[in-house]
Amino acid sequence: MNSLISLAVYAVNIVFAPLLLIGAIRKMKAILQGRQGPPLWQSFLDITKLLHKGETVSATAYWSFNAAPVINISVLTAVALMTPWLGIRSPIAGDLFLFGYLLVLAKFATSLSALDSGSSFGAIGASRETAISLFSETAMIAALAAIALHSHSSSFSVMFASGHRSLYAAALSGLVATALWMASMADLSRMPFDDPTTHLELTMIHEAQVLENSGRNLAIVEFATALRTVVLIGITARVILLMLPPLSHIVQYLVTIVLLALGAATIAVCETTLVRLRWRRLPNLLSFAVSAAMVACLVAALRG
Amino acid sequence: MAISCLALIGTLVTSCFIRTIGIAFQGRPRSAAAEKAHEVASGMRASQIILSCACVGLGLCAPWMLRLESFVIGQHFASGPPLSSAWTLPLGSAIFTVLVVAAAVTGWLINERSFDPARVYITWDCGFGDVGPRVQATSISFAQPVVRMFGTLFNYAHTLRLEGLDSRLFPDEVLSETTVDHPLEHHVYGPAVKWFDQLSHTIMEMQQGSIHIYLLTMLVTLALLLVIGGYLQ
Amino acid sequence: MSISLTTEPVSALLAILALWMIGVTQYHTTVVLFGIQTTIVGALAAWIGWEHKEPMLIGVGAAVILLKGIGAPLYLSYAARKIGCRRERGLAIAPPIQLFVAGAAIALLALSHPFRGELPTTAMPSIDILFLGMLFMVTRRLAVSQIIGFLVLENGIFLFTVTLTHPMPALIDMGVLMDVLAGTMLAGMLAFRINNAFEHIDVAQLTELHG
């Protein structure tokens, strides 16, 4: 597949897909709750509004506070161009460990900005986020490593080269997709790990870290979060695609769009029906993701 | 298994550094001495910056370093280690993207801020009053979620006492105390440091200026080297 | 489909179910998972009996499904309802660490490969289920959970004997099954008596021997 075409497709999708996905989640949640809900492009209007608003920065904040949204968006753009989250080959060659560590770098910048303003909510959010990322990052990297072990390479282009080759590979992809989905929901602070629409600061995990951002910073941060959501759901969809026989590029792209919409629907259903777990019980749920990922790694390592 | 350990190590390292940088540099000063602290001379800063750039450079240019080393080592030993087969990550394009986007966004933000500067105000405190030094994050408070998960290892104990007429809802006095053991520091590092200290004291007494002791040390070292050299032959 | 092609994935699925059980604290969920696992084991045994043309094995498989896969869970959840215990409390090591340990144990087992040449690869999941059942028993405090652990252990043994290349005579399987079921009934009744005597079935507190 031509690199330029891939770059064009990815560029267009990076601009439009994240906010559309967030809009789709909101719309589906509203329909499930019996309301009409905001239109699909409401997130675009929200970001535009935020861009016109003035900024308020805390007096205690240092330059790392203003640097964090910049680092976030640039790292996440690199990740989005590197991972095959659209079902077709990514324009830049991606690597599993680069993917994992770039995501951790983005989280590092966010946590530092949270601690920077000296607010205790930021500190609580940052400490809880690091505690959760102990599990969710491990699960994510281990789950993708299972596929890497199966295809004997850590480069994304080799790992996701084609569809399933055997029943065993399909089963492995299923296990990996489960682990990856749970780890992604924890990483994105979605239900049942955290309620993204809560206004109670003491229960926030991700929102507490971006509490101090306003105006343009907040616009960048919200877009970065939406981009992270779409990339993580996209990579889960790509793993699910591994269970199907090899298809042509256009069909894979369309199937990925359908799976992204399904993912949004699942998130909407989870946020409407599930209740946020108590903080003490979160590691219990996440450890399922970690064990599933470790078992997948083990099976891949043993069976080759 | 090794890969999950690798991922876990990466995450733990990141958490450790977030905590260290966070409590050292960020938020409000946590003590009077910290409030009066000021930046050191530029020489000290420059040396640290050079070292950290070297670290980052070594990490990013690892494949080339390995090739250089294998070339050097290959000259001295007949069968050099096969280091040239080390993985090379596709860092170039990723870093390029990161830098380009970061530069673009920073430039745009600086431009916007020149028209519409950010207003400086207090940190959001949810109405609880000034966010002073006592409510800043400390190292143990940052690590508390993880410590409680592994509570058995650390002898984590939490006492909570509420006193007052209607103590559940409107307590007069609240006592919430967390005690944590530090097993590694107290039981492993502590004794090791003490033993090392005693050893160095003994050696220091030996080196107190007596020429005979110096000569004796030199003789013993030479004898040992001869013996070891003889065995190695 | 040949036997080895099905037994391997199915055994792996059973091992995953056992691993899932270790992380769950609600008693009812563990009972349901155990029921599903035993039903699949029984179905596998019956199918292997069908392939090998051994009617006795089919009978054993059907008995396992009916008695151990449906009967035992029903009895145990009835017992739990009567006693009134719903979830595990006060586990010494939290479920996440349990899961880590379980995963590590399986990994070590798989890597050490004790009887490399003599056993088929389907033996590995059954030994895993055995160890996971034991881990379940060791880490839980409710008496009824210990019964479930013991039954999972027996599932592992049964799976092992059924998937051997020279399978054990079905008569022995039947005998073991009957013994295990009798043990379960007795253990359930004992749990009632313990609850009546002590108002709880927390085995960690039953450490003193009375005259």
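What counts and how
Residues numbered from 1 in each chain as written. Chains lettered and ligands numbered in written order. Predicted model: local features only at pLDDT ≥ 70, side-chain atom pairs only at ≥ 80, totals over all residues. Helix = DSSP H or I, 4+ residues; strand = E, 2+ residues; numbered from the N terminus. Contact = placed C-beta atoms within 7 Å. Expected span 1.5 Å × (residues − 1). Buried ≥ 20, exposed ≤ 12 C-beta atoms within 10 Å, placed from the backbone. Nonpolar A, V, L, I, M, F, W, Y, C, P; charged D, E, K, R; others polar. Pairing = 2+ DSSP bridges. Core = buried A, V, L, I, M, F, W, Y, C linked by C-beta atoms within 7 Å. Axes fitted to C-alpha atoms, helices over the stretch in contact; angles between N-to-C directions. Parallel < 35°, antiparallel > 145°, perpendicular 65-115°, else oblique. Left-handed = near helix turned anticlockwise from the far one by under 90°. Domains from an automatic or database assignment. pLDDT = per-residue confidence, 0-100.

Q: Mind showing me how you'd approach the overall build of chain B here?
A: A count of helices and strands for chain B gives nine helices and three strands. Partitioning the contacts of chain B with sequence separation of at least 6, the portion at a separation of at least 24 is 46%.

Q: Could you clarify how one ought to interpret helix H5 (residues 123–139) of chain C in this entry?
A: Every α-helix carries 3.6 residues per turn, so stepping three or four residues along brings you back to the same face. If you check H5(C), its first and last C-alpha atoms are 25 Å apart, about what 17 residues at 1.5 Å a residue would give, namely 24 Å. For H5(C), the full list of buried residues reads C:Met124, C:Pro125, C:Ser126, C:Ile127, C:Asp128, C:Ile129, C:Leu130, C:Leu132, C:Gly133, C:Leu135 and C:Phe136.

Q: Looking at this structure, I do not really get the interface of chain B and chain A. What am I missing?
A: When the parts of a complex come together, some accessible area is lost, and that lost area is often taken as the interface size. Residue-level contacts link 47 residues of chain B with 57 residues of chain A. Broken down by element, the residue count for the side of chain B that touches chain A peaks at 12 residues, all from helix H1 (residues 2–25) of chain B. Its residues placed into classes, the side of chain B that touches chain A shows 28 nonpolar, 14 polar and five charged. As paired elements, strand E1 (residues 56–58) of chain A and strand E1 (residues 119–121) of chain B share three bridges and run parallel to each other. Each bridged residue has a counterpart across the sheet, and for A:Val57 the counterpart in E1(B) is B:Val120.

Q: What should I look at first to understand the pairing of strand E2 (residues 157–163) of chain B in this one?
A: Remark: a regular strand shows side chains that alternate across the two faces of the sheet. Residue and element names in this part refer to chain B. Within E2, only zero of the seven residues are buried, which leaves it mostly out in the open. Here seven bridges tie E2 to strand E3 (residues 173–179), and the two strands are oriented antiparallel to one another. Its bridge partner being in E3, Glu 163 is matched across the sheet by Glu 173.

Q: For this particular structure, what's the right way to read the nonpolar core?
A: Within soluble globular proteins, side chains that are nonpolar generally end up buried alongside one another. With 175 residues, the main nonpolar core has A:Ala139, A:Ala143, A:Ala146, A:Ala179, A:Ala293, A:Ala296 and C:Val144 as its most contacted residues. Sequence-distant contacts of A:Ala146, that is, excluding residues within four places in its chain, are made with A:Leu172, A:Val176, A:Ala293, A:Ala296, A:Cys297 and A:Ala300.

Q: Got a minute to help me understand the environment of A:Leu149 in this structure?
A: All names here are of chain A. With respect to the helices, strands and loops of the structure, Leu 149 is situated in helix H5 (residues 120–151). Judged by local crowding, Leu 149 falls into the buried class, with 22 C-beta atoms found within 10 Å. Along the chain, Leu 149 and Ala 300 lie 151 residues apart, while their C-alpha atoms are 5.9 Å from each other. Beyond its immediate chain neighbours, meaning those up to four positions away, Leu 149 contacts Cys 297, Ala 300 and Ala 301.

Q: Mind showing me how you'd approach the environment of B:Gly22 here?
A: Structurally, B:Gly22 can be placed in helix H1. The class for B:Gly22 is buried, based on 25 C-beta atoms found within 10 Å. Along the chain, B:Gly22 and B:Phe142 lie 120 residues apart, while their C-alpha atoms are 9.4 Å from each other. Aside from chain neighbours lying at most four places away, what touches B:Gly22 is A:Leu112, A:Leu115, A:Ala126, B:Ala137 and B:Phe142.

Q: Looking at this structure, how should I read the packing of helix H3 (residues 63–82) of chain A against helix H8 (residues 216–241) of chain A?
A: Pairs of packed helices are described in terms of their axes, by the angle between the two and the distance that separates them. All names here are of chain A. Two numbers describe how H3 lies on H8: the axes approach to 9 Å, and their chain directions differ by 25°. Between H3 and H8, the angle is such that the two are roughly parallel. Like other packed secondary-structure pairs, H3 and H8 cross with a definite hand, here left-handed. Between H3 and H8, the residues in contact are Pro 69, Asn 72, Ile 73, Leu 76, Val 79 and Ala 80 and Asn 217, Ile 220, Val 221, Phe 223, Ala 224, Leu 227, Arg 228 and Val 231, respectively.

Q: Would you mind showing me how to read the domain arrangement of chain B here?
A: When its domains are assigned, chain B resolves into domain 1 (89–119), domain 2 (139–181) and domain 3 (185–232). A straight line from the C-alpha centre of domain 2 of chain B to that of domain 3 of chain B covers 47 Å.

Q: How should I be thinking about the confidence of the model for chain A in this particular structure?
A: Predicted coordinates in regions of low pLDDT should not be interpreted in detail. Mean pLDDT for chain A: 86, with 98% of residues reaching 70 or above. By mean pLDDT, helix H6 (residues 156–159) of chain A is the weakest element of chain A at 79, and H8(A) is the strongest at 92.

Q: Whenever I open this one, unusual backbone geometry confuses me. Can you help?
A: Trans is the common state for peptide bonds, and a negative phi is the common state for residues other than glycine. All names here are of chain A. Cis peptide bonds are those with omega within 30 degrees of zero, and the linkage from Met 191 to Pro 192 qualifies with -5°. Tracing the chain through its elements places Pro 192 in the loop between helix H7 (167–187) and H8. Not every positive phi belongs to a glycine, and Ser 189 is a case in point at roughly 55°. As for its position among the elements, Ser 189 is in the loop between H7 and H8.

Q: Which parts of the structure should I look at to understand the confidence of the model for chain B?
A: All names here are of chain B. Per-residue confidence for chain B averages 78 on the pLDDT scale, and 86% of its residues sit at or above 70. Averaged pLDDT values for the elements of chain B fall to 67 in helix H4 (residues 62–76) and rise to 88 in helix H8 (residues 183–206). Confidence over residues 78–87 falls short of pLDDT 50; this stretch has 12 contacts with residues more than four positions distant or in other chains. Of the two predicted TM-score estimates for the complex, the pTM is 0.83 and the ipTM is 0.75.

Q: Would you mind showing me how to read the packing of helix H1 (residues 3–32) of chain A against H8(A) here?
A: Residues and elements named next belong to chain A. Packing of H1 against H8 brings their axes to within 8 Å, and their N-to-C directions diverge by 90°. Taken together, the axis directions place H1 and H8 in an arrangement best described as roughly perpendicular. Contacts between H1 and H8 involve Ile 14, Ala 17, Pro 18, Leu 19, Leu 21 and Ile 22 from the first element and Phe 223, Ala 226, Leu 227, Thr 229 and Val 230 from the second. Residues belonging to the contact of H1 with H8 are distributed by class as follows: 10 nonpolar, one polar and no charged.

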